[in-house]
Amino acid sequence: MLKRKHSEMNAAERVAQLLKDYRVVIFSKSYCPFCVKVKALFDSLHVEYKALELDLIGEDGVAIQQTLFEKTKQKTVPNVFVNGKHVGGCDATIQAHQDGRLAELLSGVQYDYDLIVIGGGSGGLAASKEAASFGKKVAVCDFVVPSPQGTTWGLGGTCVNVGCIPKKLMHKAAIIGEDLKDARAFGWDVPEQVVHNWTNMVDEIQNYVKSLNFGYRKVLKENTVTYLNAYAQFVDAHTVKVTDKKNNVQHITARDFIIAVGGRPRYPDIPGAKEYGITSDDLFSLKYHPGKCLIVGASYIALECAGFLHAVGIDCTIMVRSILLRGFDQQLAEMIGDHMMGHGMKFIRPCVPTKIEKISDGEPGFGKMDSGEIVEGEYNTILFAVGRSACTHNIGLDNIGVKLNPSNGKIIVDKEERTSVNNIYAIGDVIDGKLELTPVAIQAGKLLAQRLYKNQTVLTDYVNVPTTVFTPLEYGFVGVSEEDAVASYGKDDIEVYHSFYQPLEYALTDRDNNKCYGKLVCVKSKGERVVGFHVLGPNAGEVTQGFALGVKLGAKKSDFADLIGIHPTTAEVGLHKDSG
Ligand code: FAD
Ligand code: NDP
């Protein structure tokens, strides 16, 4: 058969034929310095290439450039292809050379995917969508191993299914309950006794969560990301074995991997813990009313769960091993504890559980708590919130030499989130020494994909990340605690400004008079730069979000004082504080 001449083909056919005929094709313009640079790169590698100078072939050049744009979304030259695969422009080709992908493409190694993301939670979904938006072939493996109580859920990871989202909605249920108590003072004719229905709340929240699961699957499809509802384990640095729930196994390969497998709740190593205890993995979809509850733990999850459980009418006791909210400003942590106690929550501290026994059948089973000084109690539900373990133990990391911190099993990464294995990255809760928060995982996932596939260099900034503990009185915080500021700068160099306040919303019923609080921690030698912003009160999350920008940009106490507030808001307290 006779081969058609290039001159007889249309632009699309000509591009396709060139990519078929030549190992390296550079669509170029004769006067373009970047094209010269890219050709010099291939010359230095002693790799032959076909350069088509689009400016020297008249109208055909314009048509080919348009075809290339439709094919690659790249308007400019050089536009480089290796073994039929689009590499990109000058910078992208140099980057591919530097990170080894060019050598792979030249060698003709073909992977199933450019990127496989293990874990379809906050970080994994963000990274996969972003990578796919740059034309990469991406797959996400997400699989939920059932909790010891058998609870399982859909796509989206911890935040959507068993974390932030159902938690915040239950917190909202709690706030509504508190507001109903105040409603009569505002003229609402509500009965003295309003009743909360646990199963109705759970059903509504779970329906919403299911709609989010569906939405995530749809978004992956729209972004041409392949979703595999399967458990992934590394076989080698470019291959994972994936097993679905019917035990079907396949092996798939990729040039790059992102591990975003997050963590799961830990159980204390005591008899009865896994048999009779539940964790946050089970609580948000609990089909029955929890009854009398013991919550073990004293950090975010324990205090938040205790807060909303109590507010919807549940008898709650919190067992605290040492301090409340380790790592947070201890003055505010204790104020939260006092507030919770003032509202009827019970604390056992310091205390750890030693044994749980079932004392009778029923729904839920009864438990009996036996601690150091033989404090015994009977509870319907025992909720463990004693920290989370990274899901790194059964994913074949030992097969490929990804280094972990032996003390917590988390993955060690460099500032670019690269693990000890060159083509394998990790983000989110699974990485060592970083905050376990959804927006952190999302930001890391997006920026990593941009660095890998869009030639960007921006790193995730893990400093001054704002956060909020959604206890009945919310605690918003950015920067450092007073304790940490003193440890870093010395007591004499720290000035603290603070004030107690009562939100106007609480005034008619005199609710929590003077229990709300704001505090700025400033460094004198830095012109009173604010290094810690803390607020305890309603909507503290919303308040803190805005102020966090100021703290990140290096705002000083005088900047806070200069800013005119919005009246009447609770956020005003962030601006006018007395020296403490
Ligand atoms: P995850 O979201 O945990 O996703 C990991 C996914 O990988 C999971 O679906 C897991 O099943 C899957 N997986 C694990 N191993 C494999 C494998 N081998 N193969 C395939 N899939 C696998 N953060 C906030 O910012 N604000 C909050 O208010 C907040 N509240 C929270 C409340 C609770 C009760 C909890 C538990 C957490 C809360 N967090 C909150 C933290 C937040 O949920 C996490 O920081 C975030 O979900 C981490 O995202 P990730 O992508 O690292 O992991
Ligand atoms: P943390 O690791 O923050 O805290 C664990 C708590 O359990 C501590 O109070 C610890 O006490 C206690 N504890 C540990 N072991 C035992 C034991 N054997 N017996 C009794 N108590 C024990 O874990 P969380 O599970 O609360 O939260 C995990 C992460 O999830 C958080 O760090 C946060 O990043 C994220 N999260 C964020 C939220 C938000 O943004 N609002 C909400 C919820 C979670 P001790 O201090 O003595 O060690």
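The name an unreviewed UniProt entry gives the protein chain is thioredoxin-disulfide reductase (NADPH), with Coptotermes formosanus as the organism. Under the heading Sequence similarities (unreviewed entry), UniProt records this for the protein chain: "Belongs to the class-I pyridine nucleotide-disulfide oxidoreductase family." In UniProt, the protein chain has this text filed under Cofactor (unreviewed entry): "FAD".

Student: Looking at this structure, how should I read the site of ligand 2?
Tutor: Glu-304, Arg-321, Ser-322, Glu-436 and Thr-468 are the nearest of the 21 residues found near ligand 2. At a separation of 3.1 Å, an oxygen atom of ligand 2 approaches a polar backbone atom of Ile-301. Here an oxygen atom of ligand 2 sits 2.5 Å away from a polar atom, N or O, in the side chain of Ser-322. Among the elements of the structure, α12 (300–311) and β24 (467–469) are those that each provide at least two residues to the shell around ligand 2. Here the shell around ligand 2 gets three residues from one element, more than from any other, and that element is α12.

Student: Teacher, can you tell me more about the pattern of salt bridges here?
Tutor: Counted under the stated rule, the structure contains 19 salt bridges. Glu-304 is the partner of Lys-167 in a salt bridge, and the nearest nitrogen-oxygen pair spans 2.7 Å. Here Glu-304 lies in helix α12 and Lys-167 lies in helix α8 (residues 164–183), a separation of 137 residues in the sequence. Using a relative accessible area of 11% as the deciding quantity, one classes Lys-167 as buried.

Student: Explanation requested: the site of ligand 1 in the structure shown.
Tutor: Near ligand 1 lie 37 residues; those nearest to it are Gly-123, Asp-142, Thr-158, Lys-167 and Asp-429. Between an oxygen atom of ligand 1 and a main-chain N or O atom of Ser-122, the distance comes to 3.3 Å. For ligand 1, whose unbound accessible area comes to 1000 Å², protein coverage reaches 93%. Here the shell around ligand 1 takes four residues from helix α7 (residues 157–162), the largest share from any one element. Split by residue class, the shell around ligand 1 holds 19 nonpolar, 13 polar and five charged.

Student: I would appreciate a short explanation of α8 in the present structure.
Tutor: Count 3.6 residues to each turn of an α-helix, and residues three or four apart come out pointing the same way. With 20 residues, α8 extends 28 Å between its outermost C-alpha atoms, agreeing within 8% with the 28 Å of an ideal straight helix rising 1.5 Å per residue. For α8, the set of buried residues is Pro-166, Lys-167, Met-170, His-171, Ala-173, Ala-174, Gly-177, Glu-178, Asp-182 and Ala-183. Buried residues along α8 sit in contact with α7, α9 (198–222) and α12.

Student: What exactly am I supposed to notice about the sheet that holds strand β19 (residues 381–384) here?
Tutor: Each strand in a sheet pairs with its neighbour through backbone hydrogen bonds, running either in the same direction (parallel) or in the opposite one (antiparallel). An order of β12-β19-β13-β14-β15 is seen for the five strands of this open sheet, with the pairing classed as parallel. The sheet terminates laterally at β12 (278–279) and β15 (346–348), the two strands that pair on one side only. Looking at chain direction, strand β13 (residues 293–296) and strand β14 (residues 316–319) are connected through four bridges and run parallel. Paired with Cys-293 across the strands is Cys-316, a residue of β14. Lying over the sheet, α12 contacts β13, β14, β15 and β19, oriented at roughly 170° with respect to β14.

Student: Please explain unusual backbone geometry as it appears in this structure.
Tutor: Residue Pro-78 is bonded to the preceding Val-77 through a cis peptide linkage, with omega at 0°. Here the bond from Arg-349 into Pro-350 is cis, since omega is -10°, no more than 30 degrees from zero. Counting through the fold element by element, Pro-350 comes out in the loop between β15 and β16 (353–358).

Student: What is the right way to look at empty space enclosed by the protein in this model?
Tutor: Unfilled space is identified by rolling a water-sized probe across the atoms. Applying the stated rule across the entire model yields one cavity of 30 Å³ or more. The computed volume of the largest cavity comes to approximately 40 Å³. Sorting elements by how many residues they give to the lining of the largest cavity places strand β20 (residues 388–390) first, with three residues.

Student: Even after reading the chapter, I still don't get the packing of helix α2 (residues 33–44) against helix α4 (residues 90–98), so can you show me in this structure?
Tutor: Any two packed helices are characterised by the angle at which their axes cross and by the distance between the axes. Put simply, α2 and α4 touch, their axes get as near as 9 Å, and they point 20° apart. It follows from the interaxial angle that α2 and α4 lie roughly parallel. As for the relative orientation of α2 and α4, their crossing is left-handed in sense. Contacts between α2 and α4 involve Phe-34, Lys-37, Val-38, Leu-41 and Phe-42 from the former and Cys-90, Thr-93, Ile-94 and His-97 from the latter. Looking at the contact of α2 with α4 residue by residue, the class counts come to six nonpolar, two polar and one charged.

Student: Just to check I follow, could you spell out the domain arrangement of the protein chain for this structure?
Tutor: Where the parts come together, the accessible area they lose is often given as the size of the interface. Partitioning the protein chain into structural domains gives domain 1 (9–107), domain 2 (113–265 + 389–453), domain 3 (273–386) and domain 4 (467–577). Domain 1 and domain 4 are separated by 55 Å when their C-alpha centres are compared.

Student: Is there a simple way to think about the sheet that holds strand β2 (residues 50–53) in this case?
Tutor: Strand order in this open sheet of four strands is β2-β1-β3-β4, and the pairing throughout is mixed. Looking along the sheet, the strands with just one partner apiece sit at the ends: β2 and β4 (85–88). Sheet twist, expressed as the average angle between the axes of neighbouring strands with direction ignored, equals 20°. Both strand β1 (residues 24–28) and β2 contribute to a ladder of four bridges, which runs parallel. Its bridge partner being in β2, Ser-28 is matched across the sheet by Glu-53. Across the sheet, helix α1 (residues 11–21) touches β1, β2 and β3 (79–82), and the angle it forms with β1 is around 140°.

Student: Quick question: what am I supposed to make of the packing of aromatic side chains here?
Tutor: Given two aromatic rings, one states the distance between the centres and the angle between the planes to describe the pair. Under the counting rule described, the total for this entry stands at 14 aromatic pairs. Seen from their ring centres, Tyr-300 and Phe-328 are 5.2 Å apart, and the 80° between their planes marks the pair as edge-to-face. Taken together, the residues span a long stretch of sequence, with Tyr-300 in helix α12 and Phe-328 in the loop between β14 and α13 (330–342) at a distance of 28 residues. Looking at Phe-328, the relative accessible area reads 7%, which means it is buried. Ring pairs connect the aromatic residues Tyr-300, Phe-328, Tyr-475 and Phe-477, which therefore count as one cluster.

Student: Just to check I follow, could you spell out the pairing of strand β5 (residues 113–118) for this structure?
Tutor: Regular strands place their side chains on alternate faces of the sheet. β5 sits mainly inside the fold: six of its six residues count as buried. Pairing geometry for β5 and strand β10 (residues 249–259), over five bridges, is parallel. Directly across from Leu-115, in β10, lies its bridge partner Asp-256. Bridging between β5 and strand β6 (residues 138–141) involves four bridges; their strand directions are parallel. Looking at the pairing, Ile-118 lines up with Cys-141 of β6. Read as a crossover between parallel neighbours, the route from β5 over helix α6 (residues 122–133) to β6 is right-handed.

So, how was this worked out
- Residues numbered from 1 in each chain as written.
- Chains lettered and ligands numbered in written order.
- Predicted model: local features only at pLDDT ≥ 70, side-chain atom pairs only at ≥ 80, totals over all residues.
- Heavy atoms only, no water.
- UniProt positions renumbered as here; feature names shortened; annotations may be inferred.
- Near = heavy atom within 4 Å.
- Polar contact = N/O pair within 3.5 Å; in protein donor to acceptor, adjacent residues only side chain to side chain.
- Helix = DSSP H or I, 4+ residues; strand = E, 2+ residues; numbered from the N terminus.
- Salt bridge = Lys/Arg side-chain N within 4 Å of Asp/Glu carboxyl O.
- Buried < 20%, exposed > 50% of the residue type's maximum accessible area, 1.4 Å probe, protein only.
- Areas by Shrake-Rupley, 256 points an atom, 1.4 Å probe, with all protein chains shown as cover.
- Nonpolar A, V, L, I, M, F, W, Y, C, P; charged D, E, K, R; others polar.
- Expected span 1.5 Å × (residues − 1).
- Contact = heavy atoms within 4.5 Å.
- Pairing = 2+ DSSP bridges.
- Axes fitted to C-alpha atoms, helices over the stretch in contact; angles between N-to-C directions.
- 1 Å grid on protein atoms, 1.4 Å probe; cavity = no way out; pocket = protein on both sides within 12 Å on 5 of 7 lines; lining within 4 Å.
- Points joined across faces, edges and corners; volume = space filled by probe spheres on them.
- Parallel < 35°, antiparallel > 145°, perpendicular 65-115°, else oblique.
- Left-handed = near helix turned anticlockwise from the far one by under 90°.
- Domains from an automatic or database assignment.
- Phe/Tyr/Trp six-rings, centres within 6.5 Å; stacked < 30°, edge-to-face > 60°.
- Right-handed = clockwise from strand over helix to strand, strands pointing away.

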